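# Descriptive analysis of the structure
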Amino acid sequence: MNGVENSDANLIETRINSKEIYHGRLLHVFRDEVRLPDGRTAEREWIKHPGAAAVIPITDEGEVILVRQYRYPVGQVTLEVPAGKLDVIGEEPLSCACRELAEETGCSAREMKYLTEIKTTVGFTNERIYIYMARGLAMGPQNLDDDEFINVVRMPMADAVEKVMNGEITDAKSCVAILMASRL
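These numbers come from a predicted model, not from an experiment.

### Focus on the sheet that holds strand β1 (residues 14-23)
Spatial strand order, β1-β2-β3: 3 strands in an open sheet with antiparallel pairing. With one partner strand each, in any of the chains shown, β1 and β3 (41-48) form the two edges of the open sheet. Looking at each pair of strands side by side, their axes are set apart by 20° on average, direction ignored.

What follows is the structure, given as structure tokens:
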């Protein structure tokens, strides 16, 4: 290893300066100059994201409730767990998960269990998604945002796992949620 200590301390980059190059409603893009562990400098572009929460609702019969919606950036309809961004600074992820569950599926849950936190794309964004599992569901009407068009889909957990494994479900948060919940 060329005499370099095998320690994470030798991997840390230090911000020298930062410039916001785009300020949008949801995303903020930055270009930073960093000092590398060997003393040289480099540029890093990254996206600041407010964070999000996702929830995998599981019925008393063992079915999962997913949502189908068109995702403009990838140009296709996707099958996903209900999710949404943290709308206000300081919003608790659990509150967001409960809100999105109700808005997108019409469900409320007697039990919400925290599963994990994922970092979606560590190479260029600080986005974190907090994932929950919902049980003891009560069904009600959807309450979608004005710009949301969502179809609700119910299926056995085994079918959802199969869709992850065969590449029909490719949304990362949904893959993690389905696979984790299936093990519980």
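### Some remarks on the pattern of salt bridges
As enumerated under the stated definition, the model contains 18 salt bridges in all. K85 is the partner of D87 in a salt bridge, and the nearest nitrogen-oxygen pair spans 3.1 Å. Judged by its relative accessible area of 43%, D87 is partly exposed. Judged by its relative accessible area of 34%, K85 falls in the partly exposed class.

### Details of the packing of helix α2 (residues 157-165) against helix α3 (residues 172-183)
Running from N to C, α2 and α3 point in directions that differ by 135°, and their axes come no closer than 10 Å. With respect to α3, the axis of α2 lies oblique. In terms of crossing hand, the pair formed by α2 and α3 is left-handed. Each of M157, A160, V161, V164 and M165 in α2 lies in contact with α3, whose residues at this interface are C175, I178, L179, A181 and S182. Looking at the contact of α2 with α3 residue by residue, the classes come out as 9 nonpolar, 1 polar and no charged.

### Observations concerning the pairing of β1
Alignment of β1 against strand β2 (residues 28-35), held across 8 bridges, turns out to be antiparallel. Within β2, the residue paired with S18 across the bridge is D32. Linkage of β1 to β2, two consecutive antiparallel strands, is achieved through a turn of 4 residues.

Thresholds, definitions, all that
Residues numbered from 1 in each chain as written. Predicted model: local features only at pLDDT ≥ 70, side-chain atom pairs only at ≥ 80, totals over all residues. Heavy atoms only, no water. Pairing = 2+ DSSP bridges. Helix = DSSP H or I, 4+ residues; strand = E, 2+ residues; numbered from the N terminus. Axes fitted to C-alpha atoms, helices over the stretch in contact; angles between N-to-C directions. Salt bridge = Lys/Arg side-chain N within 4 Å of Asp/Glu carboxyl O. Buried < 20%, exposed > 50% of the residue type's maximum accessible area, 1.4 Å probe, protein only. Parallel < 35°, antiparallel > 145°, perpendicular 65-115°, else oblique. Left-handed = near helix turned anticlockwise from the far one by under 90°. Contact = heavy atoms within 4.5 Å. Nonpolar A, V, L, I, M, F, W, Y, C, P; charged D, E, K, R; others polar.

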